Amino acid sequence: MNEALRVAGATHVVEYIRSVAATVEADTVEWWQIPAFDAVLTLSSEIPCYPGRKVVLAWNRHFGWSVGVRGLTDGNVVIIEGLGIGRVPEATRCADRVVEAVADLGEWVPGASRGPAVGDLRLRALQELHHGVQPAPRLVRGFFEE
């Protein structure tokens with residue numbers, strides 16, 4: 001896949017997003033009209049600490065994929081973490097990382113202090129930076145293209 005994607009809505013971008021959506025078995029694909037995300041995929045799964053709110057996979061052409069949940073109101077998503085797999089990873093790599101992230105988040109409690117998983121230097125650095133408290137997820141507001 002070409003790392004130098006142009007604008008959301010271009011044919012190759014649409015094909016890439018549809019490929020990822022099919023691979024992760026997304027329920028919906030929505031194109032956003034704000035700079036935060038170009039596309040948001042809604043999955044059928046949930047994260048236990050966010051009951052009743054579907055998992056989302058959000059893509060920004062500059063930063064890549066992030067995982068989160070639907071917000072409490074329309075047009076909002078709560079981003080929990082970036083997937084850290086590049087801007088345009090292969091669809092199967094993206095799907096594998098989503099499965100891992102959702103499984104990891106199954107035990108997660110927002111704002112709670114917990115020890116890092118073995119080898120998880122990123123989490124250790126975050127905990128040291130925030131003195132043992134994980135930062136709260138960030139809320140993103142947006143509008144969907146009809």
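Coordinates for the structure precede this section.
Here the structure is a predicted model, which means the values were calculated and not measured.

### Here's the deal with the layout of surface pockets
Alright, step 1. Roughly 150 Å³ of internal volume is contained in the second largest pocket.
Alright, step 2. Phe63, Gly64, Trp65, Ser66 and Gly82 are, among the 13 residues lining the second largest pocket, the residues nearest its centre.
Alright, step 3. Residue composition of the lining of the second largest pocket, grouped by class: six nonpolar, six polar and one charged.

### Notes on unusual backbone geometry
Alright, step 1. Even without glycine at this site, Glu25 takes up a positive phi of about 55°.
Alright, step 2. Relative to the helices and strands, Glu25 is located in the loop between helix H1 (11-23) and strand S1 (28-34).
Alright, step 3. Its relative accessible area of 62% is what places Glu25 among the exposed residues.

### A short note on the packing of aromatic side chains
Alright, step 1. By the definition in use, this model includes four aromatic pairs.
Alright, step 2. With a centroid separation of 5.8 Å and 80° between ring planes, the pair formed by Trp32 and Phe37 is classed as edge-to-face.
Alright, step 3. By relative accessible area, Phe37 is classed as buried at 3%.
Alright, step 4. Among the aromatic residues, ring-to-ring pairing joins Tyr16, Trp59 and Trp65 into one connected group.

### Digging into the pattern of salt bridges
Alright, step 1. All told, the structure shown has four salt bridges when counted by the stated rule.
Alright, step 2. We note a salt bridge from Arg97 to Glu81, for which the minimum N-O separation is 3.4 Å. Placement of Arg97 in helix H2 (residues 91-105) and of Glu81 in strand S5 (residues 76-82) is noted, with a sequence separation of 16 residues between them.
Alright, step 3. Of the charged contacts in the structure, one is a salt bridge between Glu100 and Arg97, with a shortest N-O distance of 3.7 Å.

### Looking at the pairing of strand S2 (residues 37-46)
Alright, step 1. Counting buried positions along S2 yields seven of 10 residues, so the element is predominantly enclosed.
Alright, step 2. Counting the residues that bridge the hairpin from S1 to S2 gives two residues.
Alright, step 3. In the sheet, S2 pairs with strand S3 (residues 54-60) via five bridges, with the strands oriented antiparallel. Bridge pairing in S3 places Glu46 opposite Lys54.

### A few points about H2
Alright, step 1. Here H2 spans 21 Å end to end across 15 residues, near enough to the 21 Å set by a 1.5 Å rise per residue.
Alright, step 2. Residues of H2 that are buried: Ala91, Cys94, Ala95, Arg97, Val98, Ala101, Val102 and Leu105. The buried residues of H2 occupy an angular sector of 165° when projected down its axis, which confines them to one face. Of the residues in H2, the exposed ones pointing more than 90 degrees away from the buried face are Thr92, Asp96, Val99 and Ala103.

Each value, and the rule that gives it
Residues numbered from 1 in each chain as written. Predicted model: local features only at pLDDT ≥ 70, side-chain atom pairs only at ≥ 80, totals over all residues. Heavy atoms only, no water. 1 Å grid on protein atoms, 1.4 Å probe; cavity = no way out; pocket = protein on both sides within 12 Å on 5 of 7 lines; lining within 4 Å. Points joined across faces, edges and corners; volume = space filled by probe spheres on them. Nonpolar A, V, L, I, M, F, W, Y, C, P; charged D, E, K, R; others polar. Helix = DSSP H or I, 4+ residues; strand = E, 2+ residues; numbered from the N terminus. Buried < 20%, exposed > 50% of the residue type's maximum accessible area, 1.4 Å probe, protein only. Phe/Tyr/Trp six-rings, centres within 6.5 Å; stacked < 30°, edge-to-face > 60°. Salt bridge = Lys/Arg side-chain N within 4 Å of Asp/Glu carboxyl O. Pairing = 2+ DSSP bridges. Expected span 1.5 Å × (residues − 1). Arc of directions from axis to C-beta.

Limitation: the analysis is restricted to geometry and does not speak to function.
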